[in-house]
Amino acid sequence: MDIYDRLGIRKRVNGAGLLTRLGGSLMAAEVLDAMREAAGAYVDMAELQTCASAIIARHTGAQAGIVTGGAAAAITLATAACITRHDVARMERLPDTAGMPNEVIMFRAHRNSYDHAFRAAGAKIVEVGFNDRSVGSGVRGLEAWEIETAIGPATAAIGYAANFTRQPPLPDVVAVARKHSIPVIVDAAAQLPPRENLRRFIGEGASLVAYSGGKSIRGPQGSGILCGEKDLIAAALIQNLDMDILLETWRPPAGLLDGHYSERIPHHGVGRGFKVDKESIVGLLVALERFAAADDSAENGRREKQLETLARKLGGAPQVKATLLSAAATRRYPVLEIEAGSAAGAAELSRALQQQSPPVHLNERRMHEGILIVDSASLRPGDETLIADAIGVAFKGAGRQAG
Ligand SMILES: *Cc1c(COP(=O)(O)O)cnc(C)c1O
């Protein structure tokens, strides 16, 4: 009996990918060992985050970085830092931003349901551009002048949701932002792999970049990274740390917070609710080292083999048409697309799979096209057999019903 058995929680077969609602990713033994060691001692959290900063800087090319409670928390902290900088009185007022520069300019086609993370700091999102390319109604994307005319005294930052279409190109956005000394915050939560993206956005001039630690980096599920300009990272960190300290006795560790806050220190900030535990900081750092050293092509080769085996096993179910897409085709992980005829058919199959024992989850992002996706990112060895069996059972059940 493992802990989930004792709690009465069903363990699920996850072919849906590295999704927060299914537990993020699974951690390597080396990461877990480091977290167990971290749990055995008291440390100064500001010192631990300053150490994390140097390691994150080494892997991202940024000046500094901190471990956050996920990428969404990183975005909120980044936004807070851009609004307050090092103004302690402003930090005290967040998320009330009346009278402060509180607008985050975003390309309309980048709006997504994680925008709440920007707004949680007290920011207002100002949309620019049209959706012509994504809707197919025209040829024009966002143009530099459209950002430029939205910039004013209330502008705190420009928000950019990174994606593989790279529209508009980040360097173009950065060029406008630099002209007006406005920071650019990049949501790169799910932009790993490829590993090169650890450096790409900073390399292209982003001021702050957020990554999930609990997705492809395979760190603690509730962890993330915020990296970027040292000054802004310091303003983000101070609004995340516990501040039950006295100016008389507090000595900030050298490297990130020293140089600020010698006159006055903020109280607990808007980010205090996103506190990060020492185990997660250590676990994320070890996972990041592993991610940066991994051999992507060998791992993707193994994942493709696993999906080939799954496709072969599915060959027995004649209703199923399965197509394998390589990592080169998806620009992420290899996937197997399973055609279920119609959106309703895909929904029925997904429901049936989730009702089996163990429950099986496939990715539903193309369900409206009648396709379920097996994402190899989340598969454990042997899952290909469990998924193939479950699909076989689901189709047999459907066949019986129809007959
Ligand atoms: C997953 C995700 C987030 C949130 O990341 P967490 O680490 O779960 O907080 C934000 N933005 C995008 C685009 C994501 O995919």
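Just so we're clear, the structure is a prediction, and the values are computed from it rather than from any experiment.

1. As for empty space enclosed by the protein
Overall, the coordinates contain two cavities of 30 Å³ or more when judged by the stated rule. Here the largest cavity defines a volume of roughly 50 Å³. Lining of the largest cavity is provided by Ile105, Met106, Phe107, His110, Val128, Leu142, Ile147, Ile158, Gly159, Tyr160, Pro168 and Val173. When contributions to the lining of the largest cavity are tallied by element, the ones reaching two or more residues are strand E3 (103-107) and strand E5 (155-161). Residue classes in the lining of the largest cavity are distributed as 10 nonpolar, two polar and no charged. Computed from the structure, the second largest cavity encloses a volume of approximately 40 Å³. Ile75, Met106, His110, Asn112, Tyr114, Asp115, Phe118, Tyr160, Ala161 and Asp187 together form the lining of the second largest cavity. Grouping the amino acids of the lining of the second largest cavity by side-chain chemistry returns six nonpolar, two polar and two charged.

2. Brief notes about the site of the ligand
Neighbouring the ligand are Thr20, Gly70, Ala71, Ala72, Tyr114, Asp187, Ala189, Ala190, Ser212 and Lys215. Within the contact set of the ligand, an oxygen atom lies 2.9 Å away from a backbone nitrogen or oxygen of Ala72. Between the ligand and Ser212, the relevant distance is 2.5 Å, taken from an oxygen atom to a side-chain nitrogen or oxygen of the residue. Its free accessible area being 380 Å², the ligand has 80% of it covered by the protein chains. Looking at the shell around the ligand, its residues break down into five nonpolar, three polar and two charged.

3. What about the pattern of salt bridges?
Once their charged atoms are close, side chains differing in charge can pair, the charge on each being opposite to the other. Under the defined criterion, the tally for this structure stands at 20 salt bridges. The residue Asp296 makes a salt bridge to Arg195 at a minimum N-O spacing of 3.7 Å. One end of the pair, Asp296, is in helix H13 (residues 296-314); the other, Arg195, is in the loop between strand E6 (184-187) and helix H10 (197-203), and 101 residues separate them in sequence. Where Asp242 meets Arg272, a salt bridge forms, and the shortest distance between an N and an O atom there is 3.0 Å. Placement of Asp242 in the loop between helix H11 (230-238) and helix H12 (278-293) and of Arg272 in the loop between H11 and H12 is noted, with a sequence separation of 30 residues between them.

Conventions adopted
Residues numbered from 1 in each chain as written. Predicted model: local features only at pLDDT ≥ 70, side-chain atom pairs only at ≥ 80, totals over all residues. Heavy atoms only, no water. 1 Å grid on protein atoms, 1.4 Å probe; cavity = no way out; pocket = protein on both sides within 12 Å on 5 of 7 lines; lining within 4 Å. Points joined across faces, edges and corners; volume = space filled by probe spheres on them. Helix = DSSP H or I, 4+ residues; strand = E, 2+ residues; numbered from the N terminus. Nonpolar A, V, L, I, M, F, W, Y, C, P; charged D, E, K, R; others polar. Near = heavy atom within 4 Å. Polar contact = N/O pair within 3.5 Å; in protein donor to acceptor, adjacent residues only side chain to side chain. Areas by Shrake-Rupley, 256 points an atom, 1.4 Å probe, with all protein chains shown as cover. Salt bridge = Lys/Arg side-chain N within 4 Å of Asp/Glu carboxyl O.

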